[in-house]
2 protein chains.
Amino acid sequence: MKLPLPLGVSERTLERAIGEFKKIVGEQWASSTQVDRESYNDAYNPGDPLEFVAGGFVAPASVEEVQAVVKIANRLRVPYWPMSTGKNLAYGGAAPLVPGTLVLDLKRMNQVLEVNDDLAYALVEPGVSFFDLFRYLKENGHKLWMSVPGPGWGSIIGNGVERGIGYGYFDDQFANSAGMEIILPDGEMLRAGMGAMANGNSGSLIQAGFGPLVEGLFTQSNYGVVTKMARYLYPEPQTYMSCEINCRSDAGLEMLVETLRPFKMDETIRNPVVISNLELIASFLSVRSQWYQGDGPMPEDRLAIVQEKLALGRWNASFGLFGNEEKVNDSWARIKQAVAVIKDTELHERVYHPGDEILHPRDQSQAGVPSLNEFGLVNWMGSGGHIDFSPVGPMTGKNARELYRLIRRRVHEYGFDHLCGFYCQSRAFRLINTLVFRKDDKSEMKKVRELFSVLIRESAALGYGEYRTHLAYMDSVARSYDFNNNAMLRFQQTLKDAIDPNGVVAPGKSGIWPRSYREQGK
Amino acid sequence: MKLPLPLGVSERTLERAIGEFKKIVGEQWASSTQVDRESYNDAYNPGDPLEFVAGGFVAPASVEEVQAVVKIANRLRVPYWPMSTGKNLAYGGAAPLVPGTLVLDLKRMNQVLEVNDDLAYALVEPGVSFFDLFRYLKENGHKLWMSVPGPGWGSIIGNGVERGIGYGYFDDQFANSAGMEIILPDGEMLRAGMGAMANGNSGSLIQAGFGPLVEGLFTQSNYGVVTKMARYLYPEPQTYMSCEINCRSDAGLEMLVETLRPFKMDETIRNPVVISNLELIASFLSVRSQWYQGDGPMPEDRLAIVQEKLALGRWNASFGLFGNEEKVNDSWARIKQAVAVIKDTELHERVYHPGDEILHPRDQSQAGVPSLNEFGLVNWMGSGGHIDFSPVGPMTGKNARELYRLIRRRVHEYGFDHLCGFYCQSRAFRLINTLVFRKDDKSEMKKVRELFSVLIRESAALGYGEYRTHLAYMDSVARSYDFNNNAMLRFQQTLKDAIDPNGVVAPGKSGIWPRSYREQGK
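Each residue is numbered by its place in its chain's sequence as written, counting from 1. To read the labels, note that chains go from A and ligands from 1, taken in the order they are written. Local features in this predicted model are restricted to residues whose pLDDT is 70 or higher, and side-chain atom pairs enter the listing and the counts only when it is 80 or higher, whereas totals over whole chains, interfaces and linings include all residues. Side-chain metrics rest on all non-hydrogen atoms present in the structure, leaving aside hydrogens and water.

J.: What exactly am I supposed to notice about the confidence of the model for chain A here?
T.: Close reading of the predicted structure is inappropriate where its pLDDT is low. Scored from 0 to 100, pLDDT records how confident the predictor is in each individual residue. Residues with a pLDDT of 70 or more make up 100% of chain A, whose mean pLDDT is 96. Here the predicted complex scores 0.97 on pTM and 0.97 on ipTM.

J.: Is there a simple way to explain the environment of Lys447 of chain B in this structure?
T.: Residue and element names in this part refer to chain B. A run of H or I in DSSP counts as a helix once it spans at least four residues, and a run of E counts as a strand once it spans at least two, with each numbered from the N terminus. One can find Lys447 in helix 13 (residues 442-461). For the pair Lys447 and Phe437, spaced 10 residues apart in sequence, the C-alpha separation works out to 9.3 Å. By definition in these notes, contact holds between two residues if any of their heavy atoms fall within 4.5 Å. When near neighbours in sequence (up to four residues on either side) are disregarded, Lys447 contacts Tyr414 and Phe416.

J.: It is not clear to me how the sheet that holds strand 4 (residues 102-105) of chain A should be interpreted in this structure. Could you clarify?
T.: Two strands in a sheet stick together by hydrogen bonds in their backbones, pointing the same way (parallel) or opposite ways (antiparallel). Residues and elements named next belong to chain A. Two strands qualify as a pair provided that DSSP identifies no fewer than 2 bridges between them. Reading across from one edge, 1-2-4-3 is the order of the 4 strands in this open sheet, with mixed pairing throughout. Edge positions in the open sheet fall to strand 1 (30-31) and strand 3 (80-83), since each of these has one partner strand only. Across 3 bridges, the pairing between strand 2 (residues 56-58) and strand 4 is parallel. Across the sheet, Val58 pairs through a bridge with Leu104, a residue of strand 4.

J.: Explanation requested: the sheet that holds strand 6 (residues 121-124) of chain B in the structure shown.
T.: Residues and elements named next belong to chain B. Across the sheet, which stays open at both edges, the 5 strands sit in the order 5-6-10-8-9 with antiparallel pairing between neighbours. At either margin of the open sheet sits one strand with a lone partner, and together these are strand 5 (112-116) and strand 9 (189-191). Taken pair by pair, the neighbouring strands of this sheet meet at an average axis angle of 10°, ignoring direction. In terms of strand pairing, strand 8 (residues 177-183) meets strand 10 (residues 225-232) through 5 bridges, oriented antiparallel. Looking across to strand 10, one finds that Glu181 is bridged to Lys228. Orientation is described by lines fitted to C-alpha atoms, with helices fitted over the stretch in contact, and by angles between N-to-C directions that extend from 0 to 180 degrees.

J.: How should the interface of chain A and chain B be read in this particular structure?
T.: Where interface size is quoted, it is often the accessible area lost as the parts come together. Opposite the 91 residues of chain A that make contact, chain B presents 91 residues. The term buried area denotes the loss of accessible surface (1.4 Å probe radius) that occurs when two parts are joined, taken as the sum for both partners. Both sides together, the interface formed by chain A and chain B hides about 7500 Å², and carbon and sulfur atoms give 63% of it. In terms of surface lost to chain B, no three residues of chain A exceed Phe210, Arg427 and Phe483 of chain A, which account for 13% of the buried area on that side. Each salt bridge in this description consists of a side-chain nitrogen of Lys or Arg and a carboxyl oxygen of Asp or Glu lying within 4 Å of one another. Along the contact surface separating chain A from chain B lie 6 salt bridges. We note a salt bridge from Asp118 of chain B to Arg261 of chain A, for which the minimum N-O separation is 3.7 Å. For the purposes of these results, a polar contact is taken to be a pair of N or O atoms within 3.5 Å, where, inside protein, one atom must be able to donate a hydrogen and its partner to accept one; residues adjacent in sequence count only when each atom of the pair is a side-chain atom. At the boundary of chain A and chain B, one finds 51 residue pairs in polar contact (both at pLDDT 80 or more).

J.: Any chance you could explain the nonpolar core here in plain terms?
T.: For soluble globular proteins, nonpolar side chains are generally found buried alongside one another. By convention a nonpolar core is built from buried Ala, Val, Leu, Ile, Met, Phe, Trp, Tyr and Cys residues, the set being connected through side-chain atoms within 4.5 Å. In this scheme, a residue with accessible area under 20% of its type's maximum is buried, one over 50% is exposed, and one in between is partly exposed, where area comes from a 1.4 Å probe on protein chains only. Counting residues in each nonpolar core, the largest one holds 308 residues, and the members touching the most others are Leu217 and Phe218 of chain A together with Leu217 and Phe218 of chain B. If we ignore the near neighbours within four places in the chain, the residues touching Leu217 of chain A are Tyr223, Leu495 and Ile499 of chain A together with Pro212, Leu213, Val214, Leu217, Phe491 and Leu495 of chain B.

J.: What should I look at first to understand the relation of the copies chain A and chain B in this one?
T.: These two copies of the chain differ by a rotation about an axis and a displacement along the same axis. Of the two same-sequence chains, chain A is brought onto chain B (RMSD 0.0 Å, axial shift 0.0 Å) by a rotation of 180°. Expressed as a symmetry operation, the mapping of one chain copy onto the other fits a two-fold axis. A high fraction, 100%, of the interface residues of chain A reappear at the interface in chain B, so the copies pair face to face through one surface. A least-squares superposition brings the copies together, and it is based on the C-alpha atoms of residues with pLDDT no lower than 70 in both.

J.: Looking at this structure, I do not really get the packing of aromatic side chains. What am I missing?
T.: One pair of aromatic rings is described through two measures. These are the centre distance and the angle between the planes. Centres within 6.5 Å make a pair out of two Phe, Tyr or Trp rings, where for Trp the six-membered ring is used; the pair is then stacked when the planes are under 30 degrees apart, edge-to-face when over 60, and tilted otherwise. Taken as a whole and assessed by the stated rule, the structure comprises 40 aromatic pairs over all chains. Aromatic side chains Phe491 of chain A and Phe218 of chain B sit 5.8 Å apart centroid to centroid with 35° between the ring planes, which places their arrangement in the tilted category. You can see Phe491 of chain A sitting in helix 15 (residues 483-499) and its partner Phe218 of chain B sitting in the loop between strand 9 and strand 10, one on each of two chains. On the basis of relative accessible area, Phe491 of chain A is assigned to the buried category, the value being 4%. Seen in terms of ring centroids, Tyr240 of chain B and Tyr352 of chain B are 5.5 Å apart; in terms of plane orientation they differ by 20°. Their pairing is stacked. In this pair, Tyr240 of chain B sits in strand 12 (residues 239-247) while Tyr352 of chain B sits in strand 15 (residues 345-352), placing the two residues 112 residues apart along the sequence. Under the relative-accessibility criterion, Tyr240 of chain B is labelled buried at 1%. Through pairs of rings, three or more aromatic residues link up here, namely Trp145, Tyr169, Phe170, Tyr234, Tyr240, Phe322 and Tyr352 of chain A. Note on criteria: charge over ring means Lys NZ or Arg CZ within 6 Å of the ring centre, with the direction from the centre no more than 35 degrees off the ring normal. For Lys87 of chain B, the ring lying beneath its charged end belongs to Trp153 of chain B, and the centroid distance is 4.2 Å.

So, in structure tokens, the structure goes:
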């Protein structure tokens, strides 16, 4: 197969880069063989797995090696796609946007550099996964809890720079971090915040510093390579209560949002309230064929059976309460009282104390125990992949209903089951719609692609924008942020040209293209 | 007096700019008369009040006028210093760094654009002060609390973009905001986050969006003019308890920090714990001459008398507890139990419920009632000014003591009283040292200036950097962030050249100089 190449890069230059990289990182840690290239494919791409094929990879083992590698790439103008553990699944996995882009694989940089018990943070390298840090904390007796996202094999830094959110107390991975170390495209090392002082003692503690804050620039971006980051941890609470509110009626969504919002707003509930629909939870626990063998979305009468058998609600709200026993009990009592007005609800709580083993999947997530519990959803239809459509909206019942209705209608029209969950922060929610498809069914993948474009357009028409998206939709989503003739994208591109004049870091990421590509009409 | 001029700007060009501005904003809202120029002087500058004299001012009344004004300035290459209400006292007030820079005075843009009760935020213009918003909330019956800093006449946006912190629940003014609207140097309007979507419905709700986050860039910076911003508010709590822990012994500082940190870390206490020393509180309540007429810092025996008469501690910790009665009482009970191990302490609490009038100054601050209570400190020595030395450090007793001791020794050596307060967030504190001087005593001002330089240098040597500083020290502080040959400052300057190629926005702010100045050796 002929190797696809990024704009302006010859096969010879690419091979020369690989050759120079090998001298830095060792023979086995840089390659452009077909098998190595394809190992970075997005397993969930709804389409040809070669659509986003890498041109090869280089895997440095240290910050110094990263610096040497990016200097070579900058000199040769060979583009690279920084990647931590490659588990950005549903959004592109490990794969680069432009075929032939080299993957800068940071998995070998997997050291937990520091854990501080008093100040409750961990300073990590990009290759450290949630599993890794969890094991480290356990083995070293640290009584500190992480906030973990769905699957635990992802990178803490990767999830942070993609602005993911976890189920735990300090949910927002980026907002609850500090101490970013960045390698700029010319190989210069930048430390953000208080770390910008050579012997600074507060780098990992606070997103502060002097002058303009730059940390945000290195999230969802192609301005540099993040090589260190500190993540805030939560001291193990005296009591942790996992709470569930299952509402049997579809109409309960608005009431759940309206009733729980004040508790988010005054921080009675601190972690995200996740309101999942029946289909999403069913996909964690079962496969579709158990319930229904027909085509198209599962009919209402079957959903009723699923709901009955799995003892779930049409809407299922989960959250945690953390603290001392009195506070937790008092909080739950007040929430229960408020929720009592919602018809057809069932409430569950499970209480844990230090030393208790936590086995329930959702309870694990909220307590910072990483798992692959939610991973079952890809088997919903067998041989499955999924991409996630993830718009943000105001935390009101009216908005939740409006957006849900819009998306559900289209998802059903295209013949899919609608699996979704609202991740509710205080003032806004992120509605994650998991579009599951069969990877061996080309027409189904084609439908997913079409559907996704429709969803972007129609959600944007109502004022809802995606917070994160799959490689294939980065341009569309960036363009949907259309205020003042895409002023934001134009500004981000101005920054791109200044920070990365040779356009070597992740061309096209978040819709941001180097000048050379823009001149070709991108 | 001959008008001082910024680099490369002739008096004729400046006058031409003023002339063009008048056509935009009206005759009376742009001027370069001496009296108008001097009205923006920093009243607290420890030195010649003309040191940072403006070249004139222009005061637009709308975003469109701001756009027209910055386009003219950009074309004529006339620099301007954006200013909201000009109350950045102790850090330069309304004055520009480079003499002859025009002040872009945003005070006429003073509309509260929106208050949302359900989603608890206010969208404001730069001229809206804490007093203004407070009045607006009261008059319109909104049960929402602000987080206010010391003096209430400052701008909400100004305090936000300077990354100030308030005493209330959502303490960090920038972290708890969203919906920034920015006018770039070329007059383009940029809306950050979800506001980057033309009809977006979540702009004021969350610092998210697509691609690199840029909000942080417009804090403490000279990259643009912030013309709108939403500030999160806190729903009026059922119970608010103001708590004080006064520790009579100087040795109590470490224990206070160590004992209260876990309560900050698990968010039992959510607003900043402010640990003020005796002298600082005394300066709010009295004048120095009541206690001591001698030269130099007040001796220990007099401090003992002050402490006795004002019934204060050497260290005085204040914070608030917010929520329902049970939670507040339980929290205070647990804190009291923990604090019991600290010798020589006295505890006070004051409880308020909705409708109660709050009169105590500190209690007002924590409840979002703006005031000028703390303003008395400038009279500590009569005819006073002050500048604040504001380093950040790790929230440990050891660090608090080390930094306090260093600064106190130098402040005393230079003959001043040491007034200071630790503003404790969870993992870091900001130690605000208020250096009060007599504005009619040149030698005293000279000493303050010398002292300030010494403090920057010696604090940096131990790893402590300032989060914010006075005009006169922006270069020194920026240079103290010295990792990798000032990589951060160099990066900030790269951005400056890209965003503001003509170097018209606030030259020198935060140590960031336009290229033309750098070529002259800045």
